[in-house]
There are 2 protein chains.
Amino acid sequence: MGILDSARIKNSDLKQAIVVRTDLEMGKGKVAVQVAHASISAYLEAESADRDAAEKWIEEGMKKIALKVKDEKELFMYFQQAKDAGLPVSIIRDAGLTQIESGSATCFAIGPASSSEIDKIVGKLKLL
Amino acid sequence: MGILDSARIKNSDLKQAIVVRTDLEMGKGKVAVQVAHASISAYLEAESADRDAAEKWIEEGMKKIALKVKDEKELFMYFQQAKDAGLPVSIIRDAGLTQIESGSATCFAIGPASSSEIDKIVGKLKLL
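Residues numbered from 1 in each chain as written. Chains lettered and ligands numbered in written order. Predicted model: local features only at pLDDT ≥ 70, side-chain atom pairs only at ≥ 80, totals over all residues. Heavy atoms only, no water.

Visitor: How should the pattern of salt bridges be read in this particular structure?
Guide: Close approach of charged atoms allows side chains of opposite charge to pair. Residue and element names in this part refer to chain A. Taken as a whole and judged by the stated rule, the model has 18 salt bridges over all chains. Close ionic contact of Asp 23 with Arg 21 constitutes a salt bridge, the shortest N to O distance being 2.9 Å. Lys 30 is paired through a salt bridge with Asp 94; the nearest N and O atoms lie 3.1 Å apart. Taken as a pair, Lys 30 in helix α2 (residues 28-49) and Asp 94 in the loop between β3 (89-93) and β4 (105-114) lie far apart in primary sequence, 64 residues in all. Asp 94 matches Lys 30 in its accessibility class, with the two residues each being buried. Salt bridges here are not isolated pairs; linked through shared partners, they connect Arg 21, Asp 23 and Glu 72. (Salt bridge = Lys/Arg side-chain N within 4 Å of Asp/Glu carboxyl O. Helix = DSSP H or I, 4+ residues; strand = E, 2+ residues; numbered from the N terminus. Buried < 20%, exposed > 50% of the residue type's maximum accessible area, 1.4 Å probe, protein only.)

Okay, structure coming up:
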């Protein structure tokens with residue numbers, strides 16, 4: 001392993017955060033499916049921007065956390081902040097066939113990206 | 001659109017099913033993260049086997065369902081059947097840092113693959 005590799009691994013600490021609305025009162029299965037949509041979509045965004053980092057995150061075990069916000073306004077606020085920070089993001093709108101109104105934004109994912117960059121945006125949110 | 005394209009689209013009906021243990025009594029956030037792990041892993045398996053089908057599933061909106069089984073024995077039984085049928089599958093074992101015993105299998109995903117092929121294996125399971 002060269003110096004470059006060591007430095008990259010040391011600095012890598014990649015994760016993905018998925019931020020979910022609690023006011024929609026979605027059931028366990030519904031939330032899981034929405035979070036998985038967001039997770040894959042943001043992963044594909046990240047892969048387009050930086051394939052090496054995205055692959056590294058996969059190899060390292062795809063560290064993920066699910067966080068919560070209380071309503072759509074908060075969801076969009078954090079989404080916009082993450083987008084403005086240049087992080088890979090993806091927001092999910094539900095087709096609305098079950099449980100909730102069609103087109104409702106249910107959650108969004110940030111990353112995989114640097115843990116510290118993600119924490120700057122959503123570090124104070126509570127775990128879902 | 002040519003005849004080939006029409007035929008492919010007509011036959012495409014792709015989905016992914018994620019099968020989750022309920023006996024671990026995981027919280028909503030924990031389940032969501034485990035399901036997202038399984039979803040991405042099985043997607044990457046599917047992509048290696050048939051890139052066109054995997055991309056088609058993404059373009060069509062990543063249809064997913066979350067299903068439930070009562071324990072690890074059932075989980076492995078359905079996982080093995082899906083594997084034996086040659087479907088892309090991925091099973092998730094938890095690192096066990098929170099909530100449950102380290103190394104526990106929590107869920108697995110099948111597909112994206114043909115809906116009817118998936119239903120042959122897990123079509124009778126209930127939604128999570």
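Visitor: Teacher, can you tell me more about the sheet that holds β4 of chain A here?
Guide: Sheet strands pair by backbone hydrogen bonding; their relative direction is either parallel or antiparallel. All names here are of chain A. Strand order in this open sheet of 4 strands is β2-β1-β4-β3, and the pairing throughout is mixed. Of all the strands in the sheet, the pair left with one neighbour each is β2 (64-69) and β3. If you compare each strand with its neighbour and ignore which way they point, the axes differ by 20° on average. Direction of pairing for β3 relative to β4: antiparallel, over a ladder of 5 bridges. Within β4, the position partnered with Ile 91 by the bridge is Phe 108. Strands in contact with helix α3 (residues 51-59) are β1 (14-21), β2 and β4; relative to β1, the strand with the most contacts, it is inclined by about 85°. (Pairing = 2+ DSSP bridges. Axes fitted to C-alpha atoms, helices over the stretch in contact; angles between N-to-C directions. Contact = heavy atoms within 4.5 Å.)

Visitor: What's the story with the relation of the copies chain B and chain A in this structure? I'm lost.
Guide: In summary, the two copies of the chain are related to each other by a rotation about an axis coupled with a shift along it. With an RMSD of 0.0 Å, the operation that places chain B on chain A is a rotation of 180° combined with a shift of 0.0 Å along the axis. The relationship between the two copies is best expressed as a two-fold rotation axis. The share of interface residues of chain B whose copies in chain A are also at the interface is 100%, consistent with both copies meeting through the same surface. (Least-squares fit on C-alpha atoms with pLDDT ≥ 70 in both.)

Visitor: Sorry if this is basic, but what is going on with the packing of aromatic side chains here?
Guide: The description of two aromatic rings rests on the distance between their centres and on the angle between their planes. Residues and elements named next belong to chain B. Applying the stated criterion across every chain yields a total of 4 aromatic pairs over all chains. Centroid distance Phe 79 to Phe 108: 5.5 Å. Interplanar angle 70°. Geometry classified as edge-to-face. Of this pair, Phe 79 sits in helix α4 (residues 72-84) while Phe 108 sits in strand β4 (residues 105-114); the two residues are 29 residues apart in sequence, bridging distant segments of the chain. By relative accessible area, Phe 79 is classed as buried at 10%. Since its relative accessible area comes to 0%, Phe 108 is described here as buried. (Phe/Tyr/Trp six-rings, centres within 6.5 Å; stacked < 30°, edge-to-face > 60°.)

Visitor: What is the right way to read the interface of chain B and chain A from this model?
Guide: Bring the parts together and some accessible area is lost; that lost area is often taken as the interface size. Residue-level contacts link 23 residues of chain B with 23 residues of chain A. Together, the buried faces of chain B and chain A total about 1,900 Å²; carbon and sulfur atoms form 78% of this surface. Three residues stand out in chain B for area buried against chain A, namely Lys 28, Ile 40 and Lys 64 of chain B, and they jointly supply 30% of the buried area on that side. At the boundary of chain B with chain A, the tally comes to 0 salt bridges. Counting the contacts that link chain B with chain A gives 4 residue pairs in polar contact (both at pLDDT 80 or more). (Buried area = accessible area lost by both parts, 1.4 Å probe. Polar contact = N/O pair within 3.5 Å; in protein donor to acceptor, adjacent residues only side chain to side chain.)

Visitor: Help me understand the pairing of β4 of chain B, please; the structure alone is not making it clear to me.
Guide: It is a general feature of regular strands that their side chains alternate between the two faces of the sheet. Residue and element names in this part refer to chain B. Judged by how many residues are buried, β4 sits mostly within the fold: 9 of 10 residues are covered. Pairing of strand β1 (residues 14-21) with β4, which is carried by 6 bridges, proceeds in the antiparallel orientation. Paired with Val 19 across the two strands is Phe 108, which belongs to β4.

Visitor: Can you help me understand the sheet that holds β1 of chain B in this one?
Guide: All names here are of chain B. The strand order across the open sheet built from 4 strands is β2-β1-β4-β3, with neighbouring strands paired in mixed fashion. Across the chains shown, the open sheet's two edge strands, defined by having one partner strand only, are β2 (64-69) and β3 (89-93). Averaged over all neighbouring strand pairs, the angle between strand axes comes to 20°, with direction disregarded. Set on the sheet, helix α5 (residues 115-122) makes contact with β1, β2 and β4; between it and β4 the angle comes to about 145°.

Visitor: Whenever I open this one, the environment of Asp 71 of chain B confuses me. Can you help?
Guide: All names here are of chain B. Of note, Asp 71 is situated in the loop between β2 and α4. Placed 13 residues apart in sequence, Asp 71 and Ile 58 show a C-alpha to C-alpha distance of 30 Å. Excluding residues within four positions of it along the chain, Asp 71 makes contact with Arg 21 and Asp 23.

Visitor: Sorry, what's going on with unusual backbone geometry here?
Guide: Keep in mind that most residues, glycine aside, have a negative phi and that most peptide bonds are trans. Looking along the chain, the bond that leaves Gly 111 of chain A and enters Pro 112 of chain A is cis, with omega of 20°. The topology assignment puts Pro 112 of chain A in strand β4. Non-glycine residue Met 62 of chain A carries a positive phi angle of around 55°. The topology assignment puts Met 62 of chain A in the loop between α3 and β2. On the accessibility criterion, Met 62 of chain A (7% relative accessible area) is buried. In this model, Glu 25 of chain B sits at a positive phi of 50°, which is unusual for a non-glycine residue. Inspection of the secondary structure puts Glu 25 of chain B in the loop between β1 and α2 (28-49).

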